[in-house]
2 protein chains.
Amino acid sequence: MTDVKTTTIAIDAMGGDFGPAVTLAGAALALQRRPDTRFVLFGDEDAIRAVLKDHEALRTVASVRHCEMSIAMDAKPSQALRQGRHKSSMWRTIEAVKTGEADVAVSAGNTGALMAMAKFCLRTMAEIERPAIAAIWPTLRGESIVLDVGATIGADAQQLIDFSMMGGAMARALFGLDKPTVGLLNIGVEEVKGQDEVREAGRLLKESNLDRILYHGFVEGDDLGKGTVDVVVTEGFTGNVALKTAEGTARQIASYLREAMSRTWLSKLGYVLARGAFDRLRDQMDPRKVNGGVFLGLNGIVIKSHGGTDAEGFAAALDLAHAMARNDLMNKIAADLRSFHERMSNAPVKQEEKDEHEADIGSASV
Amino acid sequence: MTDVKTTTIAIDAMGGDFGPAVTLAGAALALQRRPDTRFVLFGDEDAIRAVLKDHEALRTVASVRHCEMSIAMDAKPSQALRQGRHKSSMWRTIEAVKTGEADVAVSAGNTGALMAMAKFCLRTMAEIERPAIAAIWPTLRGESIVLDVGATIGADAQQLIDFSMMGGAMARALFGLDKPTVGLLNIGVEEVKGQDEVREAGRLLKESNLDRILYHGFVEGDDLGKGTVDVVVTEGFTGNVALKTAEGTARQIASYLREAMSRTWLSKLGYVLARGAFDRLRDQMDPRKVNGGVFLGLNGIVIKSHGGTDAEGFAAALDLAHAMARNDLMNKIAADLRSFHERMSNAPVKQEEKDEHEADIGSASV
């Protein structure tokens, strides 16, 4: 860990569709908002220096670490690991967290490669079987945390409980909540609905009566936008599909809206008059504002930015990184996991009741 | 089957949150649009007659069949089957398809009970292991079909292929396409991504080179709203979460929009001027227009309407029922399945290549 008065962020300067032009401009923006930030920039030194000369304030708080290679956006994880271990800008950005040179690592590089390298370099926490990626989800009540949105496919009951703990810790660190509410994503709210793993996780969360999270029960897809709970837990396949479906639906409606407002001169005039309202709406729907997937369950914090984002979007990922490091996410997670495991080792484990008719389990309400 | 010039729809008049008041008013609306429709109404005769007297045209084309009980909206499927078999309005509505009294059955009753009864009464088709529920999804290109949105959790490769065939047949019946495009929902478009079952289904669909559907490959959550393919195939848990997530996102944005437009007098004025545009938008986003989940894979067509819909929404489910019956969905499905199985029984089955690094499979792009 670095000096207690500053937060140091390691940046994979070469990651993303636009490399240093966006990552460094994003860092400059984030620095304006958080002057206590220090940066370590990994990548091609010439390319970084060329952009850095336009960002004077950033230059004074950034160290540059030359890396001879960077990971392609379309590299397979296995290939990235084979070719880029120890020497790529992505690897060394992550490694800076391991060595303690930085408090948190941020990359806009490819997700699969970043997760593979982060697992290999940082290793998963002792109490955790598998990492998760947590996304921040804008809701009618504010923001929620949704995980896993794509780290791994499938999750057993214990892994879903681990995700609940980690998501809860992140909600406490990010939203400043004492006891965030946690829901398990399912296809109905009744106890008999859903996959065995989800029902088993629900039963265990209910019984363990945790003091750091408030288990709400099952939630459904439409609860995501409502913000019914602070943390929504699911396995990576469903979480990823839900996230992209929501993004796609938002773009679809924005397209309908643009088309509708430009159809007649009256609607165009209405649009001009209500411009402030539309700007506000665009702002609320701006995906850049919630940019940043947090890798949870590793011995260190790594944050994935969208590859195609601009400086404003990358700055949002850096803001998130700053908040996670500042609010001591790692220790919150460790403490929560310890507390849960202590409780469960004292509690008697009941056998799941299996006598419900199969028909009650399968069908979702649509 | 009934007279070739008319289509007969069996209606569970008691289903849904409002019973005959909505189901019969919906039937009256649908009849205006499709005067060649005949109805068989199942439920409490007095309750039906009381509403029917306000719908003269409907009265002349409807038969009433008294049923002594109806299934509660919150009944468990097992309980509904035990108590309502043979005598409930839901059961007898489905049975009318089995006996040939009706061409198609429609209910706004509870999904789990309806699926359990439909499976029990009609049985799954000989070539099909498990039924699916298909939803119509509004897209930027028009409409797509998405299945399974909640009939059963999980699906192996063969079941995903069955869903592809059935969805393709439905697209041909409903959209009049010769060779609809079919995509498998996944967390990335690369062949190494996703669950084993999804990758195996993709390989088989690619190799079988079918003449009735065009296999597109993998699609992601945001392809749903884009309308990338005519038919999107997934297992019931993911499909249900995706459907409800999209509905929730649409409601969330509508709420943002209402709030933004009522903030200042200028935005209110803009709203008044652009009212036509907003009406058009509301129309495009109207969930009632795409009301109706089609149960596929049974020996007969059953359509589930939203329980909370109004007469307009229930009429949309009846329109869909009419189209499915008129365009001979059942025979299209049977012919497609036959064709696929003939092809596959002649094709050599290659062993899936398993040597890809595990890391390539797990991670989604987020």
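Here's what I pulled together on the structure shown here. Treat the numbers as computed from the prediction; the structure is a model and nothing was measured. (Residues numbered from 1 in each chain as written. Chains lettered and ligands numbered in written order. Predicted model: local features only at pLDDT ≥ 70, side-chain atom pairs only at ≥ 80, totals over all residues. Heavy atoms only, no water.)

This part is about the interface of chain B and chain A. Residue-level contacts link 74 residues of chain B with 74 residues of chain A. Both sides together, the interface formed by chain B and chain A hides about 6,200 Å², and carbon and sulfur atoms give 67% of it. Inspection of the chain B/chain A interface yields six salt bridges. Seen at the junction of chain B and chain A, the total is 13 residue pairs in polar contact (both at pLDDT 80 or more). Elements supplying a minimum of two residues to the side of chain B that touches chain A: α4 (77-84), α6 (111-122), β5 (132-139), α9 (221-226), α10 (236-261), α11 (265-273), α12 (275-284) and α15 (358-362) of chain B. It is α10 of chain B that provides the largest number of residues to the side of chain B that touches chain A, a total of 21 residues. (Contact = heavy atoms within 4.5 Å. Buried area = accessible area lost by both parts, 1.4 Å probe. Salt bridge = Lys/Arg side-chain N within 4 Å of Asp/Glu carboxyl O. Polar contact = N/O pair within 3.5 Å; in protein donor to acceptor, adjacent residues only side chain to side chain. Helix = DSSP H or I, 4+ residues; strand = E, 2+ residues; numbered from the N terminus.)

This part takes up the environment of Leu-205 of chain A. Residue and element names in this part refer to chain A. Positionally, Leu-205 belongs in helix α8 (residues 196-208). Note on Leu-205: relative accessible area 2%, which makes it buried. The spacing of Leu-205 and Ile-161 is 44 residues in sequence and 7.1 Å in space, taken between C-alpha atoms. Excluding its chain neighbours within four sequence positions, the residues that come into contact with Leu-205 are Ile-161, Ser-164, Met-165, Leu-184, Leu-210, Ile-213 and Tyr-215. (Buried < 20%, exposed > 50% of the residue type's maximum accessible area, 1.4 Å probe, protein only.)

Across the sheet, eleven strands lie side by side as β3-β2-β1-β4-β11-β10-β5-β6-β9-β7-β8 (chain B); this open sheet has mixed pairing. Both outer strands of the open sheet, β3 (62-66) and β8 (214-219) of chain B, are each paired with one neighbouring strand and no more. The average undirected angle you get between the axes of adjacent strands in this sheet is 25 degrees. Across five bridges, the pairing between strand β7 (residues 181-185) of chain B and β8 of chain B is parallel. Within β8 of chain B, the residue paired with Gly-183 of chain B across the bridge is Gly-217 of chain B. Where helix α10 (residues 236-261) of chain A meets the sheet, it contacts β5 and β7 of chain B, and its direction lies at approximately 35 degrees from that of β5 of chain B. This element, helix α7 (residues 157-175) of chain B, spans β5, β6 (142-147), β7, β9 (231-233) and β10 (293-296) of chain B of the sheet and lies at about 150 degrees to β6 of chain B. (Pairing = 2+ DSSP bridges. Axes fitted to C-alpha atoms, helices over the stretch in contact; angles between N-to-C directions.)

Turning our attention to the environment of Tyr-256 of chain B. Considering the arrangement of structural elements, one finds Tyr-256 of chain B in helix α10. Looking at Tyr-256 of chain B, the relative accessible area reads 9%, which means it is buried. Those residues within four positions of Tyr-256 of chain B in sequence are excluded, and the remaining contacts are Pro-138, Thr-139, Leu-140, Leu-281, Gln-284 and Met-285 of chain A. Only 3.3 Å separates the side chain of Tyr-256 of chain B from the backbone oxygen of Thr-139 of chain A, close enough to count as a polar contact.

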